[in-house]
Each structure stands twice: as C-alpha cells, then as structure tokens.
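Chain by chain, the residues:
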Amino acid sequence: MSISVQHISKSYKNVKALQNISFEVKEGELFGLIGPDGAGKTTLFRILTTLLIANEGTATVAGFNVVLDYKNIRNSVGYMPGKFSLYQDLTVEENLNFFATIFGTTIAENYDLIKEIYVQIEPFKDRRAGKLSGGMKQKLALCCALIHKPKVLFLDEPTTGVDPVSRKEFWEMLKRLQQKDITILVSTPYMDEAELCDRIALIQNGEILEIDTPAEIVKHYPKKMYNVRGDNMYKLIESLKAYEHQYSVYPFGEFVHYTDHRTDFDTESLKDYLKTKGLTDITIATTQPTIEDTFMELAK
Amino acid sequence: MSDNKVIQVEGLTKMFGDFTAVNAITFEVEKGEIFGFLGANGAGKTTAMKMLIGISNPTSGKAKVAGFDVFTEAENIKRNIGYMSQKFALYDDLTVKENITFFGGIYGLSRKKIKEKSDALIKELGLDEIANQLVGSLPLGWKQKISFSVSLLHDPKIVFLDEPTGGVDPITRRQFWELIYKAAHLGTTVFVTTHYMDEAEYCDRVSIMVNGKIEALGTPKKLKEQFNAANMNDVFLKLARG
C-alpha cells in the first residue's frame with residue numbers, strides 16, 4: 001500500500017475535523033478525495049504530509065509512519081497545498097531551483113518528469129512567481145512538487161477556481177504522471193472530476209461517506225432517477241418540491257433530477273400534476289444518477 | 001434606453017498599454033434575466049465586469065447599466081446594483097445582524113427600512129438561531145447565501161455575482177441557485193460568472209469570452225445546437241480550445 005490510513009481523528013477545540021477516517025491507496029493509484037470546503041480534506045493532507053499530528057489513529061505513506069518516520073516521508077512525497085505557497089518574489093526558475101536544491105537534486109536530474117509541464121511556463125522563467133496567472137502558478141507549483149521525483153503526490157484542490165479548459169488539461173497531466181509510477185492523492189470539490197479517478201472517497205463533515213470506484217458508487221444509488229424539464233425552471237422546482245410523492249428534487253443543468261417515494265411510479269401522473277401548476281413543454285425521462293446525485297443522497 | 005434592458009453594451013473595450021483585455025464586446029441583458037458570463041481564466045471577464053459595475057473606466061465603446069452610463073454616471077451605477085464575490089463578501093468579525101445593518105447603511109437605507117429588511121431576510125433564510133453569531137464562525141454555504149441576500153438589500157435592478165458558489169457542497173450550491181431563480185422571478189436581473197458548467201445550463205442566456213471577445217452568445221439550448229455539443233461543458237471546451 002502506498003498510503004494507509006487507520007482510524008484517524010483530529011479535532012480543533014470543539015470542531016471535529018476528521019472522525020475515524022480509514023482508507024488505503026494502492027501503489028500507482030489515482031485516488032480522489034471528493035468533498036466540499038470544510039469536509040476535512042486539508043486536515044487529512046496535512047496529517048499525511050507530516051505537518052500536523054492526529055489525535056487518534058495511525059497512517060503510513062510510502063511505507064513510513066507519519067509520526068515516527070516523518071523525515072523519510074518528507075523526502076518521498078510531493079505536496080501541492082491548496083493555497084499558492086511558492087516564493088512570490090523569486091522567479092519561476094529560482095523557485096524550481098530552490099526546491100530542487102532543498103531536496104538535494106537538480107532540475108536537470110529530473111527534468112524528464114516535469115518537462116511536459118515546465119515547457120508551458122518556460123517562456124516566463126524569468127518572471128516572478130507572484131506575477132504569474134492562476135493557471136501558470138498552478139503549473140509551477142506542480143513542477144516544484146515533482147522536482148525530487150516523489151513516490152506519492154498530494155494535491156489539495158489543485159483545480160479550485162480554475163476554468164474548465166485548464167481543469168481538463170490538468171487532469172490529462174495527472175493521468176500521464178500516473179503512468180510514471182507516482183501514486184496520486186488528489187482532493188476536489190468538483191464532482192465531475194471524481195469520474196477521472198481510479199477510486200474515490202466521498203467526504204463530508206470529517207467523515208467518509210463511501211469509498212469505491214466511481215462506477216460502483218453510482219450503482220449504489222437507491223432510487224430510479226428522472227430528468228424532468230419544463231418551460232420555467234423556477235416554477236418547475238417549486239412545483240416538484242411541493243409534490244406529495246417527491247423524494248428528492250435537484251436542478252441538474254437543463255433538467256431537474258427527480259426521484260419519487262413510490263417504487264412503481266407513473267410519470268403521467270406527475271406530468272398531469274405539473275400541468276395543473278401551469279407548466280408547459282414538460283418532459284420526464286429516466287436517466288443515470290451521477291456521483292453528485294450519490295453524494296447528495298449520502299449527505300442528506 | 002428601453003426599460004427592459006438592464007445592461008446595454010456596445011463595442012466596449014479596455015486596453016492596458018498595448019494589451020486589449022476586452023475587445024469591443026456588444027450585448028444586452030433584459031430585466032429578470034439570468035445572464036451567465038463565462039470564459040477561461042484570463043479571457044477578460046473580470047475586466048469587463050469591473051467596467052460594468054463602475055469601478056474601471058473603459059477605453060472606448062458604450063455601456064449603460066441599470067439606466068446609467070458607465071463613463072459619466074459610475075457613482076449612480078454603484079448605488080443601483082448589487083455585487084457579490086468570493087473575495088468581497090461579509091465581515092467575519094461582525095454578527096449576521098450587524099453585517100446586514102452595516103450594508104443596509106452603506107446602501108443608504110433608513111433605520112426603519114433596515115430593520116424591516118433584516119427581519120425579512122432572517123426569516124426567509126431561517127437564520128433566527130444564528131442571527132447573533134459572528135459570520136466568521138458560519139459554514140461557507142451560509143456565508144454565501146447571506147452575502148447574496150445582503151447584495152439585494154437595496155432592491156437593485158441587477159445583481160452581479162462573481163463565482164458565487166465556489167467550494168460549497170452540491171446541495172448548498174443548488175440552494176444558492178434557488179435563491180437566484182427566486183430573485184430573477186421577482187424581476188431582479190442576475191449577471192453571474194461561474195466555472196461550473198452545469199450552472200451555465202441554469203442561465204437564461206450565456207456569453208462565452210475568449211481572448212477579450214464574446215465568441216458565443218445565446219440560450220444554452222441554442223449554443224449546444226450551434227456547437228453540436230451534448231452539454232455546456234463541451235461548448236466551452238470547443239470554443240476555448242479553438
């Protein structure tokens with residue numbers, strides 16, 4: 001196992017940031033921690049990267065205990081925190097050189113690993129890090145986290161606030177890094193990114209709701225899911241929420257994802273009901289639940 | 001200007017030295033419309049939005065917001081719009097009530113009006129139990145909902161939301177959108193930026209900026225047809241990747 005977490009708990013004063021968390025990440029796996037702000041993702045990252053000590057439980061990373069062997073872990077892992085934490089007043093190249101030197105290596109030695117990412121920011125290598133765009137900062141931070149060829153890479157919300165194009169490119173980069181025998185633990189609040197991971201843990205309020213492959217997690221959804229559409233989204237949501245048989249009503253893009261309390265449920269009766277509420281152009285069709293649906297069901 | 005057009009923009013341009021951040025954009029937004037303003041990081045969205053809310057002078061072009069000219073009546077614009085972003089929201093060291101009172105005062109509402117609005121807002125969002133808590137102690141989702149409601153205290157014709165839902169859980173994100181729908185239903189125009197492409201689908205119309213220009217504009221349905229895409233995410237990727 002590349003990462004093993006056993007019954008980890010952590011509290012800050014009255015806040016239980018993590019409650020009895022356990023999971024394992026296999027070597028070479030791309031494992032996603034999926035959950036909103038405040039779920040405990042960053043606390044977990046800080047414990048696994050030896051920056052914080054848990055109140056209870058044990059964990060190992062790359063075979064090393066996070067408390068007893070913390071020095072070995074620091075040499076074996078790369079960590080990209082959620083907040084940009086490079087030296088703003090150093091240039092791109094100086095930052096990278098600095099991190100390489102700290103870890104007793106050189107840019108040249110591991111250039112192959114970062115090449116694909118670094119070439120995109122190389123034209124700006126003399127620019128101060130503080131003057132880079134968000135996307136470029138993110139790429140530089142990833143290079144700095146990789147420059148000592150870590151066995152395990154920790155990425156804390158690398159794509160938060162990043163546009164869909166850059167997010168897609170970032171995930172394509174992660175997939176290629178995975179091919180280079182690096183285990184990756186990545187956190188994200190974007191549920192659509194969950195599907196790109198080998199396995200995921202859904203996490204909320206310091207607790208893991210479920211761990212599995214994205215495909216399996218979706219299969220566990222307990223209800224039949226319907227896409228409902230009408231001419232007026234606001235009226236549609238209000239009307240569905242007021243419907244006596246509704247189990248869940250969530251807007252989902254151009255549709256509302258609807259589930260019903262009844263097991264044998266006739267869509268025509270719902271259609272008639274919506275018509276009495278003054279809605280027109282109503283369509284109701286079955287659809288597949290997504291990871292986001294599953295998360296909302298588990299978090300209910 | 002017709003009463004139904006809350007934003008009218010024609011050839012609006014902003015240059016920084018030789019760099020054209022916003023390149024002659026033209027569009028209109030109607031009363032009660034939810035208008036999605038999308039684009040990649042660095043496409044010029046923030047610069048355009050700053051001009052529309054009266055805090056950055058355009059280099060050229062024309063724009064009217066809530067009936068006021070961005071060149072000559074910027075102060076009136078600031079008084080007649082609502083604005084909310086992740087970065088500028090509420091004061092953590094004030095309670096929920098104090099924040100409402102403070103922003104009500106900033107917007108020039110009378111004490112009586114502030115009291116009325118404050119009570120209504122607390123009731124509507126179900127804030128009774130937390131009204132006297134410091135905002136800093138609340139979950140992000142609550143802060144966002146309160147921040148949005150505060151931006152509507154002075155009944156602006158239009159509210160600008162800059163990535164309002166970043167980082168919150170999917171249920172809270174949807175509750176937030178229900179507030180948006182409600183505001184729009186009651187006649188407030190909503191101008192919103194987001195990186196969540198499913199949220200783009202919730203908008204009545206969407207514009208997508210690429211390198212300073214509006215490269216696509218229409219209802220989500222029309223844009224999906226135009227770009228032969230299954231969803232708004234595909235539309236965005238096709239456009240922004242060129």
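This text goes with the structure placed above it.
Note that residues are indexed from 1 along each chain, following the sequence as it is written. Lettering of chains starts at A and numbering of ligands starts at 1, both following the order in which they are written. Selection of residues for local features in this predicted model requires a pLDDT of at least 70, selection of side-chain atom pairs for listing and counting requires 80 or more, and totals for whole chains, interfaces and linings are taken over all residues. As a rule here, side-chain values come from all non-hydrogen atoms in the structure, and water together with hydrogens is ignored.

1. A closer look at the overall build of chain A
Quick reminder of the rule: For helices the rule is a DSSP run of H or I covering at least 4 residues; for strands it is a run of E covering at least 2, with both sets numbered from the N terminus onward. Relative accessibility thresholds used throughout: buried, under 20% of the residue-type maximum; exposed, over 50%; partly exposed, between the two (1.4 Å probe, protein chains only). The contact rule is simple, with two residues in contact once any of their heavy atoms fall within 4.5 Å.
Of the regular secondary structure elements, chain A holds 10 helices and 14 strands. Principal axes of the C-alpha set define a box for chain A whose edges measure 70 × 45 × 35 Å. Within the span of chain A, comprising 300 residues, buried residues form 52% of the whole. Of all intrachain contacts in chain A linking residues separated by at least 6 positions in sequence, the fraction that spans at least 24 positions is 68%.

2. Things to note about the packing of helix 10 (residues 291–299) of chain A against helix 6 (residues 170–185) of chain B
Note the threshold: Note on definitions: angles span 0 to 180 degrees between N-to-C directions of axes, and those axes are lines fitted to C-alpha atoms, for helices only across the stretch in contact. By the definition adopted for this analysis, an angle is roughly parallel if under 35 degrees, roughly antiparallel if over 145, roughly perpendicular if from 65 to 115, and oblique otherwise.
Their axes nearest at 9 Å, the elements helix 10 of chain A and helix 6 of chain B cross at an angle of 95 degrees. The angle between the axes of helix 10 of chain A and helix 6 of chain B places the two elements in the roughly perpendicular class. Contacts from A:Glu292, A:Phe295 and A:Met296 of helix 10 of chain A reach helix 6 of chain B at B:Pro170, B:Ile171, B:Arg173 and B:Arg174.

3. Observations regarding the sheet that holds strand 6 (residues 77–80) of chain A
All names here are of chain A. Note the threshold: Criterion used throughout: strands pair if DSSP finds at least two bridges between them.
The 6 strands lie next to each other as 6-7-8-3-9-10, forming an open sheet whose pairing is mixed. Edge positions in the sheet fall to strand 6 and strand 10 (207–212), since each has one partner strand and no second. Each neighbouring strand pair of the sheet contributes to a mean axis angle of 15 degrees, computed without reference to strand direction. Here strand 6 runs beside strand 7 (residues 152–156); their pairing, made up of 4 bridges, is parallel. Opposite Met80, over in strand 7, you have Leu155 as the bridge partner. Across the sheet, helix 6 (residues 164–178) is in contact with strand 3 (30–34), strand 6, strand 7 and strand 8 (183–188); its angle to strand 8 comes to roughly 160 degrees. Against the sheet, helix 10 makes contact with strand 3, strand 9 (199–204) and strand 10, and its axis sits at roughly 40 degrees relative to strand 9, the strand it touches most.

4. Quick word on helix 5 (residues 140–151) of chain B
Which entries qualify depends on this criterion: Any helix carries an expected span of 1.5 Å times its number of residues minus one.
With 12 residues, helix 5 of chain B ought to run about 16 Å at 1.5 Å a step, and its terminal C-alpha atoms sit 16 Å apart, in line with that. Among the 12 residues that make up helix 5 of chain B, 9 are buried, leaving the element largely enclosed by the rest of the structure.

5. Looking at the environment of A:Arg262
Residue and element names in this part refer to chain A. So the rule is basically this: Contacts described as polar in this section are N or O atom pairs within 3.5 Å, which, within protein, must combine one atom able to donate a hydrogen with one able to accept it, while residues neighboring in sequence count only if both atoms come from side chains.
Mapped onto the fold, Arg262 is located in the loop between strand 13 (255–260) and helix 9 (267–276). According to the relative accessible area criterion, Arg262 is partly exposed, its value standing at 27%. Arg262 sits 103 residues away from Thr159 along the chain, and the two C-alpha atoms are 39 Å apart. Not counting residues up to four positions away in its chain, the partners in contact with Arg262 are Tyr243, His245 and Ser269. Only 3.2 Å separates the side chain of Arg262 from the side chain of Tyr243, close enough to count as a polar contact.

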